[in-house]
Amino acid sequence: MSNTSNTITRRALAAVAMAGLATLNVGAASAQEFPSQPITLVVGFPPGGSTDVVARILAEHMTGTLGQPVVVENRPGAGGTVGIAHVAASDPDGYTLGVSGVGASILVAAMGRDTGYDFDAELDVVGVMGTLGLVIAGRNGLEATTLPELIATAAADPEALSYGSSGVGTPGHLAMEYLLDEAGVEMLHIPYQGNTPLMNDVLGGHVDVALLTTPGAAEQVRAGGIVAYAVSSPERSPLMPEIPTVAEGGFDGYSATLWNLLVTPEGTPDDVQAALSEALNAAQQDATVLEAFASAGLAPTLTSPAEATQFLEDERALWSGVIEQLGIAE
Amino acid sequence: MHLANLRFTVAGILAVIGISAFVIALGYEFGSARRMGPGYFPVVLSGILTLLAVSEMISAAMKPGAIAVDWRPFMAILAAVAGFAVTMALFGMIPAFFVVIGLSTLSEPRFGWVPALILAVVTSTGAWLLFSRFLGMTMPLFDWP
Amino acid sequence: MWENILLGFATAMTVENLMYCFVGVFLGTFIGVLPGLGSLAAISMLLPMSFYLEPTTALILLAGIYYGGEYGGSIASILLNLPGTPSAAVTCLDGNPMAKQGRAGVALFVTAIASFVGGSVGVVALMGFGPSIAQLGLSFGPADYFALMLLGLVAAVTVGGGSLVKGLIMVVLGLLLGTAGTDVTSGEFRYTFGFLELRDGVSLVAIAMGLFGIAEVVSSVREAGTRKITEKVTMRSMMPTRADMRRTVGPMARGSSIGGFLGALPGAGTVIAAFLAYATEIRVAKDKTRFGKGAVEGVAAPESANNAAAQTAFIPTLTIGIPGSATMSIMLGALMIHGITPGPLLVTDHPTIFWGLIASFWIGNLFLLVLNIPLIGLWVKVLQFPYKYIYPVVIALICIGVFSMRTSVFDVGLVVIFGGLGYLLQRTGYSAAPLILGFVLGPMLEENLRRAMLMARGDAMRMVSDPVTGSILGLSAAMLIWAIYGGVRNVIRSRQVKDIPPGET
């Protein structure tokens, strides 16, 4: 018996030793011209999702500019925070980048929930990877044809309408509550797990109103499956220019957009950030990228790292204000 | 370690899972059948699980029977997977493959050094070719914490 | 209609598209057969390959990877009892016992045929009734989904075989595990214990690999020395006997119809299809005791259902732009990368993509058949290799497979917990398949019930009075009563017969 356990210990030790030896081979990355090795772009959502698509379109072009592959790595979980937590804990050498959306950058923390990182203290913002508006849409057969009519229906009977969002605490939920609060009316909130089942239920007429992402909604509107009332962005969407903004519908100053930031761990050298920022901006000026952006409803957004940080500040002020006004933080 | 009545023990583990889940679920808002809160399903489910597990415990206690457990492969394989997780996080993919293969082979008393080493080398080479070269995954081959 | 089909074949039959279809099927099978890597893993890993291709070609490649991966997953399930997906867990139930009896070749052959039949039925449904099936899917509201999930769960209890109490325990444990994560309706975290990784729930692959994979390897190591597969790999030994063939016709027909219909329902169909098809066969069979011990019907029915559903799952994806599963949303993502927004107008705006893809489905299924029949001999040889050299590699592949799904070490840690639990459960006669189904359906069941109650503003009668919901609920109730009746009858019978020792399946 003791003989066996001895063998086990010895062999276990050997396994560890082998692992140790193998590790010694690592060459210390030399601080040459950036980039000198492949760059990992961490996406906090599964492959195929809208964030992943944006990341892949841009990574593809940045690979060409930087001369090193920019590889998308999916670390999905907890509204994108799992991926950003990984980036925050990585070396600030510019080889681990993250795509941080509204949720991971602002909302999760503003709702009073733990994210696993302190965004301002642990991450640097390099640039904005495009912005996207939401569409307030309704099922076929609703009597209201404009946003004011929709609001009037809800004002007449608080139980008349239900609206769906892609989850509690998501931009769609908050943007709609914000609008309802401004209008002083009520609708029954029905949360879904993401945009897909929500779209299904608006098309099927099971829920009355929904905040949907632009490209998918534009196609459904074009096919006559749903009715669009307004877009949440400050400007009209190029995908559906005939649809007014919420602000035009009588809610001055209303704005709610989705976006993604390119982030690096805090302490990334300025020249590395500059190189990344340049590559990101170049990508957002490329004709092929712009074509893909247009069909995805994305507006290119060119910024310096400093401007992108300011952009985040402005957005945070806006969303935190909404959350505070609604009093829904935990 | 010998467990006289494994069936009883396993049902006991399930009952403990059920009770713990029940206690935790009491902390969530229960709501009502009309408007169920987040606690509704967990409370009902863990309650049912506990009842079923207890009934299984009783039935096992009435009909005791020894069931053999292969502790050696059991511990070796679990250690191998745990070892992979730790090594992958700290030292990268290749060392993790050596650890998982090395510890797995402890399942059998006489596996032998050489085959274990050959397996580790072949598997990690294959994984390197497949995941890093062909699929272009970015996980580090070697790392240092 | 015919000109569309012709257009489709003309698109799919170009040398380039044929080649990528073949490459996709081949790579998909290859990755799917690796333990721990299913079709979802295969398609997410190979997604970058589609970047430089024409949109149609890219989709043809990805679709090939998808059903190649599904078939590869079945191979791993049959040979090593390692299911990568919930539907493959059903194939394990009878496929693996067949392999242990030295009939792996037959099981794989039947799988190939059943997959082809199911796939073809799915393609025909897709071509003929795509848009109308899509409309039917849309009319399914939360209450109907709830009723459907309930039906799936009732099927799950009956699928496990053995003790009804143990089957119930596993389903309830699965449901309970499914509640972990963020509660959709309230946004509250449940059973996350402060881990960010648990906010989206427990990883399905970690559970499946722990309960099936680890448990299976641990119990097989001891047998490894004594086990010998004496099967000679001749063409004859791979061929099903005449009796086998006769037995598979009915299950394939029923499985294809069930799968073809359910696959078209976004989110739900593909998961339940295999389970319901299997449960149906148990109900229909004269001798129910053969199931779980290597009944060929138990392979043919879920495999044809699974593949039919895999095809019709493209109906909501392509005709209304609503992806039915994680795999489908990757497909749509690939289209968006190419600047095409999927939606209801895809069929009219991009007919070559739609019809070309459908034609390629059928060609891909044909490739799968042609590719795999000759390979069966090779797969069976894997079993003749000493198990001693297989299991360390299997464990390593499970680890890397689980890790790569979400690039998460945390999930590998979960495999340790579920592996430990899984082995103990297996030794004491619990079947893991009902747990998997409970886990997958649980969140949808709860979410849809609560959503339906919200929409009905707390009025349960308003929910049940809907004809579709009511009839599905009635069907589940009937199945449950049938199951309980069968269970009670079995208990009475087993009292009379000699007790079967637990843990021996």
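Parameters at a glance
Residues numbered from 1 in each chain as written. Chains lettered and ligands numbered in written order. Predicted model: local features only at pLDDT ≥ 70, side-chain atom pairs only at ≥ 80, totals over all residues. Heavy atoms only, no water. Contact = heavy atoms within 4.5 Å. Salt bridge = Lys/Arg side-chain N within 4 Å of Asp/Glu carboxyl O. Polar contact = N/O pair within 3.5 Å; in protein donor to acceptor, adjacent residues only side chain to side chain. Helix = DSSP H or I, 4+ residues; strand = E, 2+ residues; numbered from the N terminus. Nonpolar A, V, L, I, M, F, W, Y, C, P; charged D, E, K, R; others polar. Expected span 1.5 Å × (residues − 1). Buried < 20%, exposed > 50% of the residue type's maximum accessible area, 1.4 Å probe, protein only. Patch = residues over 30% accessible without salt bridge, like charges linked within 9 Å, V, L, I, M, F, W, Y side chains within 5 Å. Areas by Shrake-Rupley, 256 points an atom, 1.4 Å probe, with all protein chains shown as cover. Domains from an automatic or database assignment. pLDDT = per-residue confidence, 0-100. Axes fitted to C-alpha atoms, helices over the stretch in contact; angles between N-to-C directions. Parallel < 35°, antiparallel > 145°, perpendicular 65-115°, else oblique. Left-handed = near helix turned anticlockwise from the far one by under 90°. Buried area = accessible area lost by both parts, 1.4 Å probe. Pairing = 2+ DSSP bridges. Phe/Tyr/Trp six-rings, centres within 6.5 Å; stacked < 30°, edge-to-face > 60°. Lys NZ or Arg CZ within 6 Å of the ring centre and 35° of its normal.

Visitor: Describe the interface of chain A and chain C, listing the residues and the values that go with them.
Guide: Residue-level contacts link 48 residues of chain A with 45 residues of chain C. Across the contact surface, chain A and chain C share one salt bridge. In this structure, the salt-bridge partner of D349 of chain C is R222 of chain A, at a minimum N-O distance of 2.6 Å. Along the contact surface separating chain A from chain C lie eight residue pairs in polar contact (both at pLDDT 80 or more). Of all the secondary-structure elements, those providing two or more residues to the side of chain A that touches chain C are α2 (50–66), β2 (70–74), α3 (81–88), β6 (188–191), α8 (195–203), α9 (214–222) and α11 (287–295) of chain A. Partitioning the side of chain A that touches chain C into residue classes produces 21 nonpolar, 16 polar and 11 charged.

Visitor: Please provide a residue-by-residue account of helix α2 (residues 40–62) of chain B, values included.
Guide: For α2 of chain B, built from 23 residues, the straight-helix expectation of 33 Å at 1.5 Å per residue is met to within 8% by its first-to-last C-alpha distance of 34 Å. Listed in full, the buried residues belonging to α2 of chain B are F41, P42, V43, L45, S46, G47, L49, T50, L52, A53, E56 and A60 of chain B. The inward-facing, buried residues of α2 of chain B abut α1 (6–25) of chain B together with α8 (164–179), β2 (189–190) and α20 (432–455) of chain C.

Visitor: Describe a nonpolar patch on the surface, and please don't skip the residues or the numbers.
Guide: A grouping of I19, F22, V23 and L26 of chain B is seen on the molecular surface, where their side chains present a nonpolar patch of about 360 Å² in accessible area. When you line up the elements, F22 of chain B lands in helix α1.

Visitor: Describe the domain arrangement of chain B, listing the residues and the values that go with them.
Guide: Each domain of chain B was delimited in the assignment, giving domain 1 (6–62) and domain 2 (71–134). Placing a centre on the C-alpha atoms of domain 1 of chain B and another on those of domain 2 of chain B gives a separation of 37 Å.

Visitor: With reference to specific residues and values, describe the confidence of the model for chain C.
Guide: All names here are of chain C. Mean pLDDT over chain C works out to 82, with 90% of the residues at or above the 70 mark. Here helix α10 (residues 235–238) is the element of chain C with the lowest mean pLDDT, 65, and helix α19 (residues 409–427) is the one with the highest, 93. Considering only residues more than four positions removed or in separate chains, one finds that residues 497–505, a stretch of pLDDT under 50, has 11 contacts. As scored by the predictor, the complex reaches a pTM of 0.83 and an ipTM of 0.93.

Visitor: Tell me what's going on with the packing of α2 of chain A against helix α15 (residues 326–337) of chain C, and back it up with residues and numbers.
Guide: Where α2 of chain A meets α15 of chain C, the closest approach of the two axes is 10 Å, and the angle between their N-to-C directions is 40°. Classed by the angle they form, the pair α2 of chain A and α15 of chain C counts as oblique. In the packing of α2 of chain A onto α15 of chain C, the handedness of the crossing is right-handed. Contacts between α2 of chain A and α15 of chain C involve V53, R56 and I57 of chain A from the former and G333, M336 and I337 of chain C from the latter. The class makeup of the residues in the contact of α2 of chain A with α15 of chain C is four nonpolar, one polar and one charged.

Visitor: Tell me about the interface of chain C and chain B, and please be specific about residues and values.
Guide: Opposite the 62 residues of chain C that make contact, chain B presents 63 residues. With both chains or domains summed, chain C and chain B bury close to 5500 Å², and 80% of this area falls on carbon and sulfur atoms. The largest share of the area that chain C buries against chain B comes from Y191, I400 and L424 of chain C, three residues that together contribute 10% of it. The partner of E56 of chain B in a salt bridge is K166 of chain C, and the shortest N-O contact between them spans 3.8 Å. Contributing elements (two or more residues each) for the side of chain C that touches chain B: α2 (15–33), α3 (39–46), α8, β2, α9 (204–224), α18 (387–406), α19 and α20 of chain C. Among the elements that take part in the side of chain C that touches chain B, α19 of chain C stands out by supplying 12 residues, more than any other.

Visitor: Which residues make up the pairing of strand β4 (residues 123–139) of chain A, and what values go with them?
Guide: All names here are of chain A. Most of β4 is tucked away: 16 of the 17 residues are buried. Bridging between β4 and strand β9 (residues 257–265) involves eight bridges; their strand directions are antiparallel. Bridge pairing links L123 to P265 in β9. Examined bridge by bridge, β4 and strand β7 (residues 209–213) share five bridges and lie antiparallel to one another. Bridged to I136 within β7 is L211. In terms of strand pairing, β4 meets strand β8 (residues 226–231) through five bridges, oriented antiparallel.

Visitor: Describe the packing of aromatic side chains, with residues and values.
Guide: Each aromatic ring pair is summarised here by two numbers: the centre-to-centre distance and the angle between the ring planes. Counted according to the given criterion, the structure contains 23 aromatic pairs over all chains. With a centroid separation of 4.4 Å and 40° between ring planes, the pair formed by F314 of chain C and F361 of chain C is classed as tilted. Of this pair, F314 of chain C sits in helix α14 (residues 314–320) while F361 of chain C sits in helix α17 (residues 351–384), and the two are 47 residues apart along the sequence. The same class applies to F314 of chain C and to F361 of chain C, which are both buried. Each ring, one from F354 of chain C and one from W355 of chain C, has its centre 5.1 Å from the other, and the planes form 90°; the classification is edge-to-face. The burial state of F354 of chain C is the same as that of W355 of chain C; both residues are buried. One Lys or Arg, K166 of chain C, reaches over the ring of Y430 of chain C and ends 5.3 Å from the middle of that ring. Across from the ring centre of Y192 of chain A, 3.7 Å away, lies the NZ or CZ of R451 of chain C, which sits over that ring.

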